[in-house]
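Fold and geometry: a report
One-letter residues, chain by chain:
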Amino acid sequence: SRELYYTTKALVTRRLRSWLGRSCDVVVEEQPRPGVFLTRNEAYTPIVVTGEYPLGALLRVRIKDLEGFHLRGDVDYTMEIAATPQDLASSPAR
């Protein structure tokens, strides 16, 4: 089990390292703590950012660091706010 963990960690680290320094578009998925948000890019890679963003927001992020099984990034700018389920439920039927 320990050997499998270290093998997996090495593979994930190599894959995540390829994102360092790059910019990508992400969707804000959850807020584990105040001011901290988990986002995911097109490869479903977890990227942690700080700030204040609504869930579903689309952001442009520059990847700056690697921590464990996720990346850390700085938000370049907010692209748009995606519709929430509440927005969709309250909009008139077409």
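The present account deals with the structure reproduced in this document.

Cut-offs and rules
- Along each chain, numbering runs from 1 in the same order as the chain's sequence is written.
- Note on the predicted model: pLDDT of at least 70 is required for a residue's local features to be given, and 80 or more for side-chain atom pairs to be given and counted; whole-chain, interface and lining totals, by contrast, use all residues.
- The basis for every side-chain value is the complete set of non-hydrogen atoms in the structure, without hydrogens or water.
- We count a stretch as a helix when DSSP gives it H or I for four or more residues in a row; a strand needs E for two or more, and each element gets its number in order from the N terminus.
- Burial classification: accessible surface area is computed with a 1.4 Å probe over protein chains only, and a residue below 20% of its type maximum counts as buried, one above 50% as exposed, and the rest as partly exposed.
- For this document, the term salt bridge refers to a Lys or Arg side-chain nitrogen within 4 Å of an Asp or Glu carboxyl oxygen.
- Nine residue types can take part in a nonpolar core, namely buried Ala, Val, Leu, Ile, Met, Phe, Trp, Tyr and Cys, and a core is a set of them joined through side-chain atoms within 4.5 Å.
- Pairing of aromatic rings covers Phe, Tyr and Trp, the last counted by its six-membered ring, and requires centre-to-centre distances within 6.5 Å; plane angles under 30 degrees mean stacked, over 60 mean edge-to-face, and any other angle means tilted.
- Think of it as a cone above the ring: NZ of Lys or CZ of Arg counts as a charge over the ring if it is within 6 Å of the ring centre and within 35 degrees of the ring normal.

The next subject is unusual backbone geometry. With phi around 60 degrees, tyrosine 44 is a residue other than glycine that occupies positive phi space. Within the fold, tyrosine 44 resides in the loop between β2 (36–40) and β3 (46–50). In this structure tyrosine 44 comes out as exposed when scored by relative accessible area, which is 53%.

Here we come to the pattern of salt bridges. In this structure the tally under the stated criterion is four salt bridges. Ionic pairing is found between aspartate 25 and arginine 60, a salt bridge with its closest N-O pair at 2.7 Å. Taken as a pair, aspartate 25 in strand β1 (residues 23–33) and arginine 60 in strand β4 (residues 57–67) lie far apart in primary sequence, 35 residues in all. For aspartate 25, a relative accessible area of 33% puts it in the partly exposed group. The exposure class of arginine 60 is partly exposed, given its relative accessible area of 25%. Two residues, aspartate 74 and lysine 64, come together in a salt bridge whose shortest N-O distance is 3.4 Å. One end of the pair, aspartate 74, is in strand β5 (residues 70–81); the other, lysine 64, is in strand β4, with ten residues separating them in the sequence.

Once that is clear, we can look at the nonpolar core. Core analysis: the biggest nonpolar cluster contains 16 residues, and Ile47, Val49, Tyr53, Leu59, Val61, Ile63 and Leu71 have the highest contact counts within it. The set of elements that each furnish at least two residues to this core consists of α1 (2–17), β1, β3 and β4. If you tally residues by element for this core, the top one is β4, at five residues.

Working definition: an aromatic ring pair is given by the centre-to-centre distance plus the angle between the planes. In the structure shown here, the tally under the stated rule is three aromatic pairs. Judged by centre distance (5.1 Å) and plane angle (75 degrees), the ring pair of tyrosine 5 and tyrosine 6 falls under edge-to-face. Ring geometry for tyrosine 5 and phenylalanine 69: centres 6.1 Å apart, planes at 65 degrees, overall edge-to-face. Taken as a pair, tyrosine 5 in helix α1 and phenylalanine 69 in the loop between β4 and β5 lie far apart in primary sequence, 64 residues in all. Residue class for tyrosine 5 comes out partly exposed when judged on its relative accessible area of 40%. For phenylalanine 69, a relative accessible area of 36% corresponds to the partly exposed category. By the ring-pair criterion, three or more aromatic residues cluster together here, those being Tyr5, Tyr6 and Phe69. Taking the ring centre of tryptophan 19 as reference, the NZ or CZ of arginine 22 above it sits at 4.1 Å. If you follow arginine 40 out to its NZ or CZ, it ends over the ring of tyrosine 44, 4.0 Å from the centre.

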